[in-house]
Amino acid sequence: MIVLGFDISSSVIGWASLSITDKGKVSLVDYGSIKPPPAKSGTLSFRLSAAYDDVKSIISQVSPDVISIEAYANKFTKGRSSAH
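Calculation rules
Residues numbered from 1 in each chain as written. Predicted model: local features only at pLDDT ≥ 70, side-chain atom pairs only at ≥ 80, totals over all residues. Heavy atoms only, no water. Helix = DSSP H or I, 4+ residues; strand = E, 2+ residues; numbered from the N terminus. Contact = heavy atoms within 4.5 Å. Buried < 20%, exposed > 50% of the residue type's maximum accessible area, 1.4 Å probe, protein only. Pairing = 2+ DSSP bridges. Axes fitted to C-alpha atoms, helices over the stretch in contact; angles between N-to-C directions. Expected span 1.5 Å × (residues − 1). Arc of directions from axis to C-beta.

As for unusual backbone geometry
Then comes step 1: Phi angles above zero are rare outside glycine, and Ser63 is one such case at about 50°.
Then comes step 2: Residue placement: Ser63 occurs in the loop between α1 (44-62) and β4 (66-69).

Quick notes on the environment of Ala51
Then comes step 1: Mapped onto the elements of the fold, Ala51 is located in helix α1.
Then comes step 2: Along the chain, Ala51 and Ile13 lie 38 residues apart, while their C-alpha atoms are 8.6 Å from each other.
Then comes step 3: Contact partners of Ala51, with chain neighbours within four places excluded, come to Ile13 and Pro36.

Details of the environment of Pro64
Then comes step 1: With respect to the helices, strands and loops of the structure, Pro64 is situated in the loop between α1 and β4.
Then comes step 2: For Pro64, a relative accessible area of 19% corresponds to the buried category.
Then comes step 3: A C-alpha to C-alpha distance of 4.9 Å links Pro64 and Ile2, two positions 62 residues apart in sequence.
Then comes step 4: With sequence-adjacent residues up to four places away left out, Pro64 is seen in contact with Ile2, Leu4 and Ile59.

What to know about the sheet that holds strand β2 (residues 13-20)
Then comes step 1: Pairing within the open sheet is mixed, and its four strands lie in the order β3-β2-β1-β4. Of all strands in the sheet, those bounded by a partner on one side alone are β3 (26-34) and β4. Put simply, the sheet's adjacent strands are angled 20° from each other on average, direction ignored.
Then comes step 2: On top of the sheet, α1 reaches β1 (2-8), β2, β3 and β4; it is set at about 160° to β1, its chief contact.

Some remarks on α1
Then comes step 1: Taking 1.5 Å of rise per residue, the 19 residues of α1 would be expected to cover 27 Å, and the 27 Å separating its terminal C-alpha atoms lies within 8% of that figure.
Then comes step 2: Buried residues of α1: Ala51, Ile58 and Val62, and no others. Down the axis, α1 shows its buried residues gathered within 30° of arc, on one side only. Exposed positions of α1 whose direction lies more than 90 degrees from the buried face are Ser45, Tyr52, Lys56 and Ser60.
Then comes step 3: Buried residues in α1 make contact with β1, β2 and β3.
Then comes step 4: Remark: Ser63 follows α1 within two positions and exhibits a positive phi of approximately 50°.

Have a look at this one:
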């Protein structure tokens, strides 16, 4: 089984793919990060579209059986992050 995980922050999306065998052995297959365009480069919809395209490309390349996404919005204390 191939698991693709995403680690979301306010400026970068980290990702990793793991292989898990039937016997439970876990191996790192690949990893990387997506840096969406900065705010000064365009509208929010443009920046979201660019991030979407990058995520879609990784999903297509990895062909995971499972995708896991970090619970992001509830993680930060007010004033401790640039996330809104």
